[in-house]
Amino acid sequence: MSDVVTGEAVVVEVRVAQLPSRAAALLIDIAVQFTTLLGAYFLVGALAFVSDPALTRLVYIALTVLVLVGYPVAFETLSRGRSLGKLALGLRVVSDDGGPERFRQALFRALAGSLEIWALSGAPALISSLVSERSKRVGDIFAGTLVISERAPRGYGPPLDMPPQLAAWAATLELSRLPEQVAATARQYLTRWHDLSPAVRHQMGVRIATEMSAFVSPPPPPDVPPFAYLTAVLAERRRRDRERLARRTGSGHHTPQTGPGHPAGQWPDDPAGRWPGGSAGQPVPARIPLPPPAAPPTSSPPPPPPGAGLTGRAPDPTPGGFVPPA
């Protein structure tokens, strides 16, 4: 993942395309270009409409330049940053500010590609992609572009589906102050939720939710468990980021706030076991009781008294029980 800053100074989270997917897309494009060149050469030789050998070589050179440079420029300009190979692999070229690729950027990338990929067998592009934090080749660096992936890779983590009963509250959130480090910590916690013991789930969830609540307003509704609070915040943040990026790229993609068929007040079914606290094929109740704390050893302090909030302290007037750090 990487952050891009749009022209409106808005930070948008995008998924940078990795080297294997870019290499596969490049191989598809090379195969298309090579096939097109062979067909064009065959037609010129078969028709024999040019008798002068020098003029014939000039035609071959013009065809080569047209295919090697014109192909990526035409496709990436008309399809907003996608050649045939990128379209097959779910990749797109965008500007560094998240906007659509412009004609001059596509032209510069194609001219640089004819040198670093075709003339030098791709060595500069490979080295630059390995060194760059955003996997940029030389053409991307000088053109001010970035190749992103529009498809979620396998194993990226559980989808952050908005809890339907929190959608209306999440739409009012002020998220501009939320640090990326806090959001990344919450995302990692939700990804590993099923691997944690009940006591660790509760303790980590309370700690991360309390930290996040210091940067997010308004506070959550009453009786919202920590994992639901974190999921709702991250899902809303992702929805807004993707809508901003879609408006700039013109892709028209829209991420709904809630999944279809889940009325407000009910947690969605989770047949795949993706939701924290969900069981296969069974809905999670609207109010989830907190997991019982592990039995403390004899040397540990006694457990919190009944009625304590999610932080283990005495009930706090803040709705949801998330107390910002002092």
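Everything quoted here is computed from the prediction, not taken from an experiment. Counting from 1, residues in each chain are numbered in the order their sequence is written. Residue-level local features of this predicted model are given only where pLDDT is at least 70; pairs of side-chain atoms are given and counted only at 80 or more, and the full residue set underlies all totals for whole chains, interfaces and linings. The basis for the side-chain values is all heavy atoms of the structure; hydrogens and waters are excluded.

Draft legend 1. View of the overall build of the chain. Helix and strand definitions follow DSSP, with helices as H or I runs of at least four residues and strands as E runs of at least two, each counted in order from the N terminus. Secondary structure assignment for the chain yields ten helices and four strands. Each helix (α) and strand (β) of the chain, taken in turn from the N terminus, gives the series β-β-α-α-α-β-α-α-α-β-α-α-α-α. Classification of residues uses two cut-offs on accessible area relative to the type maximum, computed with a 1.4 Å probe and protein chains only: under 20% is buried, over 50% is exposed, and between them is partly exposed. With 326 residues in all, the chain has 39% of them scored as buried. Values of accessible area rely on a 1.4 Å probe in the Shrake-Rupley scheme; residue burial ignores everything except the protein chains shown. Summed over all atoms, the accessible surface of the chain reaches about 17500 Å², with 64% contributed by carbon and sulfur.

Draft legend 2. Representation of the packing of helix α1 (residues 19-47) against helix α2 (residues 53-78). Here an axis means a line fitted to C-alpha atoms, over the contact stretch when the element is a helix, while the angle between two N-to-C directions is reported on a 0 to 180 degree scale. Where α1 meets α2, the axes come as close as 10 Å, and the angle between the chain directions of the two elements is 155 degrees. Looking at the two axes, α1 sits roughly antiparallel to α2. The handedness of the crossing between α1 and α2 is right-handed. Facing D29, V32, Q33, T36, L37, A40, Y41, V44 and G45 of α1, the residues of α2 in contact are V59, Y60, L63, T64, V67, L68, Y71 and P72. In this classification, Asp, Glu, Lys and Arg are treated as charged, Ala, Val, Leu, Ile, Met, Phe, Trp, Tyr, Cys and Pro as nonpolar, and every other residue, Gly included, as polar. Residue classes in the contact of α1 with α2 are distributed as twelve nonpolar, four polar and one charged. Our angle categories are set so that under 35 degrees counts as roughly parallel, over 145 as roughly antiparallel, 65 to 115 as roughly perpendicular, and the remainder as oblique. Two helices cross in a left-handed way if the nearer one is turned anticlockwise from the farther one by less than a right angle. They cross in a right-handed way if the turn is clockwise. Residue contacts are counted whenever heavy atoms from the two residues lie within 4.5 Å of one another.

Draft legend 3. Up close: the packing of aromatic side chains. Aromatic pairing here means that ring centres of Phe, Tyr or Trp (its six-membered ring) are within 6.5 Å. Orientation follows from the plane angle: under 30 degrees is stacked, over 60 is edge-to-face, and everything else is tilted. Applying the stated criterion across every chain yields a total of four aromatic pairs. When the centroid spacing of 5.9 Å and the interplanar angle of 40 degrees are considered together, the rings of W169 and Y229 count as tilted. Of this pair, W169 sits in helix α7 (residues 167-170) while Y229 sits in helix α10 (residues 226-249), placing them 60 residues apart in sequence. Take W169: its relative accessible area is 11%, and that puts it in the buried class.

Draft legend 4. Up close: the confidence of the model for the chain. Considering every residue of the chain, the mean pLDDT works out to 74; 68% of them sit at 70 or more. Across residues 253-275 the pLDDT falls below 50, and counting only partners more than four positions away or on other chains, this stretch makes 57 contacts in the model. This stretch, residues 277-320, has a pLDDT under 50; its non-local contacts, to residues over four places away or in other chains, come to 62 contacts. As a per-residue quantity, pLDDT reports the predictor's confidence and falls between 0 and 100.

Draft legend 5. Spotlight on unusual backbone geometry. S217 connects to P218 through a cis peptide bond whose omega is 0 degrees. Looking at where P218 falls in the secondary structure, it is placed in the loop between α9 (198-213) and α10. Of note, R80 is a non-glycine position whose phi angle comes to about 60 degrees, a positive value. Topologically, R80 is positioned in the loop between α2 and α3 (84-89). Relative accessible area serves as the criterion here: at 39%, R80 is assigned to the partly exposed category. Its identity is not glycine, yet S135 carries a phi of approximately 55 degrees, on the positive side. You can see S135 is positioned in the loop between α5 (123-131) and α6 (138-143). Among the residues examined, S135 registers a relative accessible area of 10% and is labelled buried.

Draft legend 6. Spatial organisation of the pairing of strand β4 (residues 145-149). Where burial is concerned, most of β4 is hidden: five out of the five residues are buried. Pairing geometry for strand β3 (residues 91-95) and β4, over five bridges, is antiparallel. Of the residues in β4, the one forming a bridge with S95 is T145. For two strands to be treated as a pair, DSSP must find no fewer than two bridges joining them.

Draft legend 7. Spatial organisation of the nonpolar core. Nonpolar cores are built from buried Ala, Val, Leu, Ile, Met, Phe, Trp, Tyr and Cys residues. Side-chain atoms within 4.5 Å join them into one set. Residues W169, Y189, M212, V216, Y229, L230 and V233 are the most contacted members of the largest nonpolar core, which totals 28 residues. Among the elements of the structure, α7, α8 (180-191), α9 and α10 are those that each provide at least two residues to this core. Non-local contacts of W169, meaning those with residues more than four positions away in its chain, are made with P218, P219, P220, P221, Y229, A232 and V233.

Draft legend 8. Focus on the side chain of D140. Position of D140 relative to the elements: it lies in helix α6. A distance of 2.6 Å separates the side chain of D140 from the side chain of R109, its partner in a polar contact. We call two N or O atoms a polar contact when they sit within 3.5 Å, provided that within protein one can donate a hydrogen and the other can accept it, with sequence-adjacent residues counted only if both atoms are side-chain atoms.

Draft legend 9. The pattern of salt bridges, seen in detail. Think of a salt bridge as a Lys or Arg side-chain nitrogen and an Asp or Glu carboxyl oxygen that are within 4 Å of each other. Scanning the model with the defined rule gives twelve salt bridges in all. Taking the shortest distance from any N to any O, the salt bridge between R92 and E150 comes out at 2.6 Å. Placement of the pair is R92 in strand β3 and E150 in the loop between β4 and α7, with a sequence separation of 58 residues. Connected through salt bridges with shared partners, the residues R22, E76, K86, R109 and D140 form a single ionic network.

Draft legend 10. Spotlight on the side chain of R137. Looking at the secondary structure, you find R137 in the loop between α5 and α6. Within polar-contact distance, the side chain of R137 engages the backbone oxygen of R109 at 3.2 Å. Those residues in contact with R137 that sit more than four places away from it in its chain are R22, R109, A112, G113, E116, I117, A125, S128 and S129.

Draft legend 11. Focus on the packing of α8 against α9. Orientation of α8 relative to α9, taken along the N-to-C sense of each, is 155 degrees, at an axis distance of 10 Å. Here α9 runs roughly antiparallel to α8, going by the angle between their axes. Seen from above, α8 lies across α9 with left-handed handedness. Side by side, α8 and α9 meet where V182, T185, A186 and Y189 of the first sit next to R201, M204, G205, I208, E211 and M212 of the second.

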